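Observations on the three-dimensional arrangement
Residues per chain are reported as follows:
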Amino acid sequence: MIEIKNVNKYFDGFKVLDNMNMKVEKGSIYGLVGVNGSGKTTLLKHLTGVFKPDSGEITIEGEPVFDNPKVKSEVAYIIDDLLCLGLRNLEEWGKYYSSIYPQWNGERFSELIKELGLNPKNNLSKFSKGMKKQAAFALAMSTCPKLLVLDEPLDGLDPLVRRKVTKHIVDDVAEREMTVVISSHNLREIESLCDTVGIISEGNMQIEKEMDELKSDVCKIQAVFKTEPDLSGLNVLVREKRGSVDLMIIRGDIEATEDYLRQFDPLVLDILPLSLEEVFIYEAGGENDEFSKLLF
Amino acid sequence: MMNSANYSSKISAALMRDNLKRYWLLGVGGLVAYLITEIFPLITNKIDSWYFSELFEESYFTIISIGTVVPILTAFILWHFLFSQSGTAFVHSLPYSRKQIFHTNNLCAILLIEAPILITGALLLVIRAAFGPIYGGDTSEIMAFAQADVMPYVEIFKWIVFVSALNFVIYVISLTAGLLTGMPLIQPIISCGFLAIGPVGVMIIEYMNECMLYGYDGHMKDLLIQMLSPVTTMDIGSKNGMKFMLIWLAAGIVLYFVAAFLYKIRKLERCGEVLVFKPTRPIAKYMLSLMAAILGGLAFYYIIGNNEGILFVLGALIGGLIAYIGLDMIIAKSVKIKGFVKGFGIMLAIMIVFFGAYYLDIFGYAKYLPEPEEVEGVSITGPGLADYYAGDDFAYSEDGVFNSEEETTVFLKGEEVIKEAILFHGDMAATKGVDFGKHTDGNWMYLLADGRVVNDEEYTSDYSEAVGDWADFYGTYTVSVEYKLKNGKHVYRMYNLPTNFVDSNSHMGKILNSDEYKKTNFDIVNWNLEKMDFDSLSFYLDYSFYSGNDGDSTTIVDKAKIKELAKAIKSDIEGLNLKEMVERGQNSGLNDMTLSFMINKSTKNNSPAKAVSYENTYEYVCNVNASYKNTIALLKEWGLVHIYTADDVRLAEVSKVEAVEGGFVSSKFEVTDPKLIQTIIDTGIDSCWGSNSIYVVNLYFKDVRNDNRMTLYYNEETGNPFE
Amino acid sequence: MFQIDVKSRKPIYEQIVDYFKELIISGAMKKDEKAPSVRELAKELTINPNTIQKAYRELENRGFFYSITGVGSFVSGLHEEEIRPSKLNEMRTAFMSALKELLYYGCPHDEIFSMLEDCGLKLTADQRKSDQRMSQNKGTEPQEGRGER
């Protein structure tokens, strides 16, 4: 549904996006992770048609996004600042959106607001930060978009609201194959919600994989071997010995790895798939010793 | 779904509606402002007390104020989302094309700005229709407007067009300013900058030229200033205001499309930058630094004093470099001076070249003299030379409007005169660098009745009345030369010279004595008295030198007498020589009588540019003084003037004032010898200057009507009959 | 109700697969019973529909489900599992260790036989005879855990 090909973007000489490639399937919930400054927000602003790439192309359902109102009418972006347009309350926002978004669903909007406990007639300046976020979410969802773009969406929301929000997102994906792109630091949430993950570093897409594949791709191992095993057949990423204990990160299928290691009759063999957080730390942190302290 | 968005259209109805809903208050504000300043005074003023000047001259200021503030504010508010990251990101993620956003926002803004203006204009029309013509009152300054309709429909339409155009242009300028920057505060600064830079630039360059180019005449200043900014085009007295505003309107339309382009290519990620477009950064830096340099130069030149050109260059370098560093920091938004050495170096080089060229006058401005063959006509104005003093010049034309200088300047075209003028000009130019001594900022000195001499600061109302006053400095006068060349160009020069420079110059003497000069500057010389029919002649007797019998003013209606007097004046002028002519200008007391001839319109045979026009008559004014011997004799014969002689003097007191260390002292003595008294009357001068040692003579008359005292002076230049 | 354990290292889709497997094996879901639609289950559990989709595909691959386009997924009657040898060994080891523990704590052999029968094994009278020798030799255990039936 979304295709980003070989996109480069410079901010005053600084390369913010470096040969960025990204592919998102329709109906997928795509998680975008990266350290601060890796280019996530910039990428999302490209997706919503705010920035224009210096080279490369960005298409949604085959059509370029930039300055393309038709495409933008089906992309919803959660706003940071509800006061920026000077509309007083949610009622006015609803009216405004109803006139510019073709798929606007007013009933849904009313229901959502009620569910989130927001009063459409209250002045927005009196809303707390969390309430504003909820309102922004309600607005975005009520446009019944084909693509929902969320940048740190669930920050500052209490767990109950989080639940509700997530539920609605999942509903829409299930009902009408809405595509979602979420950028977040909350890896637990991404792990539980997303089916595909893209890890960005320094403006470049490092890894883009289905969640399960990503996690099953690498495993961490704690083992005690009677005799020194021959690990040449395995893709050992990190290996550390603490006394007689072998701590390893191995890339490869877990089950195959386990079978392989069992040949050496380990006294102890613990194999675990990495969590997304651990995969991220590894990919973002690079191969160094600090890393092993974090993981073991 | 109520949406029927057409994405390819230029205007989005939804955005329009939304904008209007949110910002309608701006329009109301504008309307209120216009109602208060334009309509309210009209309605509440009685028609009789209404003066033409009040509608448009007073509203001049309010039109400019409202017309500047409202568009800048509107542009700022409509486009403020450009200045915040989140606002920008949000608006551009909405399903609008950039074209839609641009045109819709602007259409909305223009509606909000123009609607109040059109409504006000309509109200003005309604008032005019309801009240009928509104006649202007009579003031002495604008007698020509008496009984004229001050707010005819044409004027109202002009008002509507002018104010609409002004607001549109300023809006487009503010819009462009907003597109050039990413920071909110900078938008109004740039807008005002654009509006001011033309006139301000011209003015500071003018001032610089005055400092650095010897002989610089800032002649064209006013017209240029009027042209170079929409806020200065409005000039009630000139006919060009509307023309310039329409040109600005056309420029505004072009600028609109430039702004559309800028918006299209504007990089949204640069929101937050002082200047969004990279090429504007060096331009702004260098240009503003150069302006700051000129200001720095002016500051050094005038404040530190002694008017040395090198001071200007020094001040310019300092001002320019400080400004450059400051601007670089502001634009880069950091105080780190990183990598700016190159720009700094370029700035330094530019300034050295620019100001060095000025200082060294490499184009030879100061030395320039035209060749006599190139010159079609020359005009010289100055003390004793100015048309007003020496000749008769009222620059009213048929329709009672002041003509511009261009239309009333008289050029001398004779070959010999031109040659002499160029030589005179050469003499003036050669005074470059000459120090004439103290010229201004000296003291006015006062001789008190008790013999004390005090200066301006010391002299308060507590003191007894002064019986004499003089300036302890030599004034300088401004002498201007204007050439009209055969190729159509004009060359202007202006010099500040001491008062005695002109009258001692032989070339000037030749010019003043030329027939052509007299003919062009004294209209009366050209009169064909046989053909002319005079209505009346009247004059005021202001000065104590000539005392009339019948009070302060006299009117002669005897046509034969008028003609005779005119003949006498004519012959006097033709017989005047240099000394007498120039003295007339120097000593203001000697332009003593102002004669006003009322001539039957159909019979005056000269250009009407020199006379005031009434319904059936022209009024021609000329001045005469003591050197017009024939005229004075005739008037004396008719008993219309009385010239004092020693017989009229009751008491003659002479005070000798001398400068000593720490002040002045005076010593008084009486003169009783009638011959000496008559000498005094014949040779004493009316006002005094620049002297350390003077004689103050007070003549007390027997006739008490004329203030019973006349003060005459002698100084080092005039010599005196006492020693 | 079935809950996804997000903290578990086990991929979510595997948890779903296990869950249905459990239901099917234990007989809670009968043959040809309709499984909840992907949409319904996603909404109910608030998890990614794609994940559910994946789980259903896996279940189909393993023979637990069959699907009819436009209608949904159903329980199939086949139980062909490919059990990996190591998995089998794992379960054997667990079985043996549980059994030994039962014997250690003095669980009567008859009870054990009943349990086997409860699981559907039919034991003959001969097989029911417990081996005294076995119960006496507590210390020695065969190394190869190959199950004897």
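The following paragraphs examine the structure supplied in this document. (Residues numbered from 1 in each chain as written. Chains lettered and ligands numbered in written order. Predicted model: local features only at pLDDT ≥ 70, side-chain atom pairs only at ≥ 80, totals over all residues. Heavy atoms only, no water.)

Glancing now at the interface of chain A and chain C. Across the boundary between the two partners, chain A contributes 25 residues, which contact 16 residues of chain C. Interface area for chain A against chain C, summed over the two sides, is near 1700 Å², with a carbon-plus-sulfur share of 51%. The largest contributions to the chain A side of the interface with chain C come from A:Ala174, A:Glu175 and A:Asp212, which together make up 26% of the buried area. Seen at the junction of chain A and chain C, the total is 3 salt bridges. Residues A:Glu175 and C:Lys43 are paired through a salt bridge, measuring 2.7 Å at the closest nitrogen-oxygen approach. Examining the composition of the side of chain A that touches chain C, we find that 7 residues originate from one element, helix α6 (residues 159-176) of chain A, more than from any other. For the side of chain A that touches chain C, the per-class residue count stands at 9 nonpolar, 5 polar and 11 charged. (Contact = heavy atoms within 4.5 Å. Buried area = accessible area lost by both parts, 1.4 Å probe. Salt bridge = Lys/Arg side-chain N within 4 Å of Asp/Glu carboxyl O. Helix = DSSP H or I, 4+ residues; strand = E, 2+ residues; numbered from the N terminus. Nonpolar A, V, L, I, M, F, W, Y, C, P; charged D, E, K, R; others polar.)

For the rest of this paragraph, the subject is the sheet that holds strand β3 (residues 29-34) of chain A. Residue and element names in this part refer to chain A. Reading across the sheet, the 6 strands line up as β6-β7-β8-β3-β9-β10 and stay open at both edges, with mixed pairing between neighbours. Bordering the open sheet on either side are β6 (75-77) and β10 (204-210), each of which pairs with just one other strand. Recorded for the sheet is a direction-independent mean angle of 15° between the axes of neighbouring strands. (Pairing = 2+ DSSP bridges. Axes fitted to C-alpha atoms, helices over the stretch in contact; angles between N-to-C directions.)

This part covers the nonpolar core. A general trend in soluble globular proteins is that nonpolar side chains are found buried together. A:Tyr97 and B:Trp79 are the most contacted members of the largest nonpolar core, which totals 140 residues. In this structure, B:Val378, B:Val491, B:Leu537 and B:Val624 belong to the second largest nonpolar core, which totals 54 residues. (Core = buried A, V, L, I, M, F, W, Y, C linked by side-chain atoms within 4.5 Å. Buried < 20%, exposed > 50% of the residue type's maximum accessible area, 1.4 Å probe, protein only.)

Let us now look at unusual backbone geometry. Residue and element names in this part refer to chain A. Positive phi, close to 50°, is recorded for aspartate 67, a residue that is not glycine. In this structure, cysteine 144 is a non-glycine residue whose phi angle is positive, near 45°. Relative to the elements of secondary structure, cysteine 144 occurs in the loop between α5 (129-142) and β7 (147-151).

With that settled, the discussion passes to the side chain of B:Ser379. Residue and element names in this part refer to chain B. The topology assignment puts serine 379 in strand β1 (residues 375-381). What makes serine 379 buried here is its relative accessible area of 8%. Setting aside its immediate chain neighbours within four residues, serine 379 contacts Thr409, Val410, Phe411, Ser480, Val481 and Glu482.

Before going further, it helps to spend a moment on the sheet that holds strand β12 (residues 235-242) of chain A. Residue and element names in this part refer to chain A. With respect to topology, 4 strands assemble into an open sheet ordered β12-β13-β11-β14, the strand pairing being antiparallel. With partners counted over all chains shown, the strands left at the sheet margins are β12 and β14 (268-273), one partner each. The sheet shows a mean angle of 15° between the axes of neighbouring strands, taken without regard to direction. Two strands pair when backbone bridges link them, and strand β11 (residues 218-224) and β14 are joined in this way by 6 bridges, in the antiparallel orientation. Across the sheet, the residue bridging to glutamine 222 is aspartate 270, located in β14. Strands β11, β13 (245-251) and β14 of the sheet are contacted by helix α9 (residues 254-262), whose axis makes an angle of about 170° with β14.

The final tally for this structure, using the stated rule, is 41 aromatic pairs over all chains. Pairing B:Tyr714 with B:Phe722 gives two aromatic rings, centres 5.8 Å apart and planes at 90°, and the pair type is edge-to-face. Residue B:Tyr714 shares its accessibility class with B:Phe722, and that shared class is buried. Relative to C:Phe65, the ring of C:Tyr56 has its centre 5.3 Å away and its plane inclined at 90°; by these criteria the two rings are edge-to-face. Summarising the burial analysis for this pair, C:Tyr56 and C:Phe65 share the class buried. Three or more aromatic residues link up through ring pairs in this structure, and these residues are A:Trp93, A:Tyr96, A:Tyr97, A:Tyr101, A:Trp104, A:Phe109 and B:Phe90. Residue placement shows B:Arg98 over the ring face of B:Tyr263; its charged tip is 5.6 Å from the ring centre. The ring of B:Tyr365 carries the charged tip of B:Arg493 above its face, separated from the ring centre by 3.6 Å. (Phe/Tyr/Trp six-rings, centres within 6.5 Å; stacked < 30°, edge-to-face > 60°. Lys NZ or Arg CZ within 6 Å of the ring centre and 35° of its normal.)

Attention shifts here to the packing of helix α4 (residues 106-115) of chain A against α6(A). Residue and element names in this part refer to chain A. For the pair α4 and α6, interaxial distance at closest approach is 11 Å and the crossing angle is 155°. One finds that α4 runs roughly antiparallel with respect to α6. By crossing handedness, the relation of α4 to α6 is classed as right-handed. Listed contacts from α6 to Arg108, Leu112 and Glu115 of α4 are Lys164, His168 and Asp172. Among the residues making up the contact of α4 with α6, the classes are represented as 1 nonpolar, 1 polar and 4 charged. (Parallel < 35°, antiparallel > 145°, perpendicular 65-115°, else oblique. Left-handed = near helix turned anticlockwise from the far one by under 90°.)

A word on the interface of chain B and chain A. If you look at the interface, chain B gives 29 residues, while chain A gives 34 residues. With both sides pooled, the region where chain B packs onto chain A buries about 2800 Å², and carbon together with sulfur makes up 59% of that total. One can count 2 salt bridges joining chain B with chain A. Across the pair B:Glu269 and A:Lys9 runs a salt bridge, and its minimum N-O distance is 2.9 Å. For the pair chain B and chain A, the interface holds 4 residue pairs in polar contact (both at pLDDT 80 or more). Elements with a contribution of two residues or more to the side of chain B that touches chain A: α1 (13-44) and α3 (85-93) of chain B. The greatest single-element share of the side of chain B that touches chain A, amounting to 8 residues, is contributed by α3(B). Residue composition of the side of chain B that touches chain A, grouped by class: 12 nonpolar, 8 polar and 9 charged. (Polar contact = N/O pair within 3.5 Å; in protein donor to acceptor, adjacent residues only side chain to side chain.)

Now for the pattern of salt bridges. A full pass over the atoms with the stated rule returns 34 salt bridges over all chains. Put simply, A:Glu258 and A:Arg262 hold a salt bridge, and the shortest N to O gap is 3.3 Å. Within this pair, A:Glu258 and its partner A:Arg262 are both found in helix α9, separated by 4 residues, close to a single helical turn. A residue is classified by how much of its surface remains accessible, and A:Glu258, at 22% relative accessible area, is partly exposed. Residue classification places A:Arg262 among the partly exposed positions, given a relative accessible area of 44%. With a closest N to O distance of 3.9 Å, B:Arg281 and B:Glu273 form a salt bridge. Residue classification places B:Arg281 among the buried positions, given a relative accessible area of 14%.

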